[in-house]
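Notes for the structure review
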Amino acid sequence: AQSVTQPDIHITVSEGASLELRCNYSYGATPYLFWYVQSPGQGLQLLLKYFSGDTLVQGIKGFEAEFKRSQSSFNLRKPSVHWSDAAEYFCAVGALNAGNMLTFGGGTRLMVKP
Amino acid sequence: DVKVTQSSRYLVKRTGEKVFLECVQDMDHENMFWYRQDPGLGLRLIYFSYDVKMKEKGDIPEGYSVSREKKERFSLILESASTNQTSMYLCASYSRTDNQPQHFGDGTRLSIL
C-alpha cells in the first residue's frame, strides 16, 4: 500500500531564511509526486509536481523540490521564505495516470517569524 | 481555469441529522473526489466517482454515501451525522485526458453538535 510521511508537523523559520520540508513516500510503482499548499480557510493549491524527467522541479512562488528515488524522498525547498508563505504544506503521491487516487502526507504547518 | 465550488464554507448541524455537502466543477471532469481533512492526518479519501452514477469507496467510507447524478455535481451525504464527523471536507476533480493534477475546492468546515 502506498503511504506518505511528512516527519515535521510544525516548522518555524525566520523571514528570509531558507526552508526545507521533508517528504518520504512508499509506492510500489513509478510515483507521481506533488506538493500542495493550503492557506488558512482555503482549499489546496498545487505548488509543483513531478511526473518524470529532471528530478529537480520548479514550482510557483519560488518553490522547488527534488525527487530522490534512492531515498524515496521528495523534499520541498525555498531559498528565502516570505511571511506570506506561512501555511500548511502537503506532500502527495499518485498513480501513473497523472495524479488520480492521491495519497497525502499528514501535512507540515509552516510558521514564519518576522 | 478550473473552478471547483463547494456550496458551503461553514456548516453546523446536529447529531442524527442527514447532511448534504455539495460540490460542482465547471470543466467537464470525469473524476470527482471527497476527502476529509483532520489535523495531523492530512487528507483521507472518503469516496470518488469516475463517471455519472458511478462511485467507489475510498479509505474511510463508513458513515458516508455519495451521489453523482450529473457529471458536474458530486454530493457527499452523512446519513445520520455524528460528532466524530466534525471535520473539514474537501472536494476535488480531475480529468483523465488533460494530464493535470487534481483541482480542489475551498472546503466545507462541518461541525456536528
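Residues numbered from 1 in each chain as written. Chains lettered and ligands numbered in written order. Predicted model: local features only at pLDDT ≥ 70, side-chain atom pairs only at ≥ 80, totals over all residues. Heavy atoms only, no water.

Observations regarding the packing of aromatic side chains
All names here are of chain A.
- With the rule as written, the count across this model stands at 15 aromatic pairs over all chains.
- Between Tyr32 and Phe51, the ring centres sit 4.3 Å apart and the planes meet at 25 degrees, which makes this aromatic pair stacked. Note that Tyr32 is positioned in strand β5 (residues 32-38) and Phe51 in the loop between β6 (45-50) and β7 (56-58), a separation of 19 residues in sequence. Phe51 shares its class with Tyr32; the two are buried. (Phe/Tyr/Trp six-rings, centres within 6.5 Å; stacked < 30°, edge-to-face > 60°. Helix = DSSP H or I, 4+ residues; strand = E, 2+ residues; numbered from the N terminus. Buried < 20%, exposed > 50% of the residue type's maximum accessible area, 1.4 Å probe, protein only.)

Regarding the pairing of strand β9 (residues 73-78) of chain A
Residues and elements named next belong to chain A.
- Judged by how many residues are buried, β9 sits mostly within the fold: five of six residues are covered.
- Of the pairings in the sheet, the one linking strand β3 (residues 19-21) to β9 comprises three bridges and is antiparallel in character. Counted as the bridge partner of Leu19 is Lys78 from β9.
- Of the pairings in the sheet, the one linking strand β8 (residues 64-68) to β9 comprises five bridges and is antiparallel in character. Its bridge partner being in β9, Glu66 is matched across the sheet by Asn75. (Pairing = 2+ DSSP bridges.)

Here's the deal with the interface of chain B and chain A
- Contacts between chain B and chain A engage 20 residues on the former and 21 residues on the latter.
- Roughly 1600 Å² of surface becomes buried between chain B and chain A when both sides are summed, with 54% attributable to carbon and sulfur atoms.
- Listed by contribution, the elements that provide at least two residues to the side of chain B that touches chain A are β4 (31-38), β5 (42-49) and β9 (87-94) of chain B.
- A class-by-class count of the residues in the side of chain B that touches chain A yields ten nonpolar, eight polar and two charged. (Contact = heavy atoms within 4.5 Å. Buried area = accessible area lost by both parts, 1.4 Å probe. Nonpolar A, V, L, I, M, F, W, Y, C, P; charged D, E, K, R; others polar.)

Examining the state of the cysteines
Residue and element names in this part refer to chain A.
- A full pass over the atoms with the stated rule returns two disulfides over all chains.
- A sulfur-sulfur distance of 2.0 Å marks the disulfide that ties Cys23 to Cys91. Taking the torsion about the S-S bond as the criterion, the Cys23 to Cys91 disulfide, at about -65 degrees, is left-handed. With Cys23 in the loop between β3 and β4 (24-26) and Cys91 in strand β10 (residues 87-94), the pair connects residues that are 68 residues apart, well separated along the chain.
- For Cys91, a relative accessible area of 0% corresponds to the buried category. (Disulfide = S-S within 2.5 Å.)

Section: unusual backbone geometry
Residue and element names in this part refer to chain A.
- One non-glycine residue, Ser72, lies in the positive phi region at around 50 degrees.
- By the secondary structure assignment, Ser72 is in the loop between β8 and β9.
- Residue classification places Ser72 among the partly exposed positions, given a relative accessible area of 26%.

Thoughts on the pattern of salt bridges
Residues and elements named next belong to chain A.
- For the structure shown, the criterion picks out eleven salt bridges over all chains.
- Glu88 is the partner of Arg109 in a salt bridge, and the nearest nitrogen-oxygen pair spans 2.9 Å. You can see Arg109 sitting in strand β12 (residues 108-113) and its partner Glu88 sitting in strand β10, a full 21 residues away along the chain.
- With a relative accessible area of 35%, Arg109 lands in the partly exposed category.
- By relative accessible area, Glu88 is classed as buried at 10%. (Salt bridge = Lys/Arg side-chain N within 4 Å of Asp/Glu carboxyl O.)

As for the environment of Lys113 of chain A
Residues and elements named next belong to chain A.
- By the secondary structure assignment, Lys113 is in strand β12.
- For the pair Lys113 and Gly16, spaced 97 residues apart in the sequence, the C-alpha separation amounts to 9.4 Å.
- When sequence neighbours within four positions are dropped, the list of residues in contact with Lys113 reads Thr12, Val13, Ser14 and Glu15.

Quick notes on the side chain of Ser95 of chain B
- Structurally, the position occupied by Ser95 of chain B is in the loop between β9 and β10 (103-104).
- Here Ser95 of chain B is in contact with His29 and Glu30 of chain B, once residues within four sequence places are set aside.

Some remarks on the environment of Arg14 of chain B
All names here are of chain B.
- If you trace the backbone, Arg14 turns up in the loop between β2 (10-13) and β3 (19-25).
- Residue class for Arg14 comes out exposed when judged on its relative accessible area of 55%.
- Once the C-alpha coordinates of Arg14 and Ser111 are considered, the two residues, 97 residues apart in sequence, prove to be 8.2 Å apart.
- For Arg14, the residues in contact, after removing those within four places along its chain, are Ala81, Ile112 and Leu113.

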